[in-house]
Amino acid sequence: MSWKLILVIIAVLLIVIQFINSKLPQTADAGSQDLFVTENVPDEVRALISRSCYDCHSMETKYPWYSYVAPVKWIIKHDINWGRGGVNFSDWGSLDDIDKVEKLGEISEVIEAREMPLKKYLILHPEARLTTDERQNIILWADSTAEKYFE
């Protein structure tokens, strides 16, 4: 098989997969249950969470142009559904106190372990990278917010 034929086959496949119906997760503006509406989040931490977490962990996802191109959109769809399944900051106010404490503990753990933001996300979104001090600010906020629920 010649290289030209292989390239034509790949090109045709890339065009064909664009027609596979795979809608991206829905988006919405912040509502009354949003984390920033229901919790007193310091401005600095709010900015960090907005910059590094909200794209995958809220309904306020901003889709760049490449989000609409398969197979990239399949990966993005999967990651956003997975992220929102873990914690969706847009629904924060609808969680009971026990769930909030659990989510805050998870936030603290994954930020400290450098599991979030995902490394593959940071490749195209370097602005989401967190410094050590920024990570510490989020951890301190999550831990102190969780403690409030025990008072």
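Residues numbered from 1 in each chain as written. Predicted model: local features only at pLDDT ≥ 70, side-chain atom pairs only at ≥ 80, totals over all residues. Heavy atoms only, no water.

Visitor: I keep staring at the packing of helix α6 (residues 97-112) against helix α8 (residues 132-148) and nothing clicks. Help me out?
Guide: To describe two helices that pack against each other, one gives the angle between their axes and the distance between the axes. One way to put it is that α6 packs onto α8 with a least axis distance of 9 Å and a crossing angle of 160°. Relative to α8, the element α6 lies roughly antiparallel. Here α6 and α8 pass one another in a crossing that is left-handed. Residues Val101, Leu104, Ile107, Ser108, Ile111 and Glu112 of α6 form the contact with α8, whose own contacting residues are Arg135, Ile138, Ile139, Trp141, Ala142, Asp143, Thr145 and Ala146. (Axes fitted to C-alpha atoms, helices over the stretch in contact; angles between N-to-C directions. Helix = DSSP H or I, 4+ residues; strand = E, 2+ residues; numbered from the N terminus. Parallel < 35°, antiparallel > 145°, perpendicular 65-115°, else oblique. Left-handed = near helix turned anticlockwise from the far one by under 90°. Contact = heavy atoms within 4.5 Å.)

Visitor: What is the right way to read the nonpolar core from this model?
Guide: For soluble globular proteins, nonpolar side chains are generally found buried alongside one another. With 22 residues, the main nonpolar core has Leu35, Ile49, Phe89, Leu104, Ile107, Ile111 and Trp141 as its most contacted residues. Counting residues per element, this core draws most heavily on α8, which supplies five residues. Among residues more than four places away in sequence, those in contact with Trp141 are Leu35, Asn40, Val41, Pro42, Val45, Ile49 and Leu104. Listed in part, the nine residues of the second largest apolar core include Cys56, Tyr63, Ile76 and Leu122. (Core = buried A, V, L, I, M, F, W, Y, C linked by side-chain atoms within 4.5 Å. Buried < 20%, exposed > 50% of the residue type's maximum accessible area, 1.4 Å probe, protein only.)

Shape is all these values report; function is a separate question.
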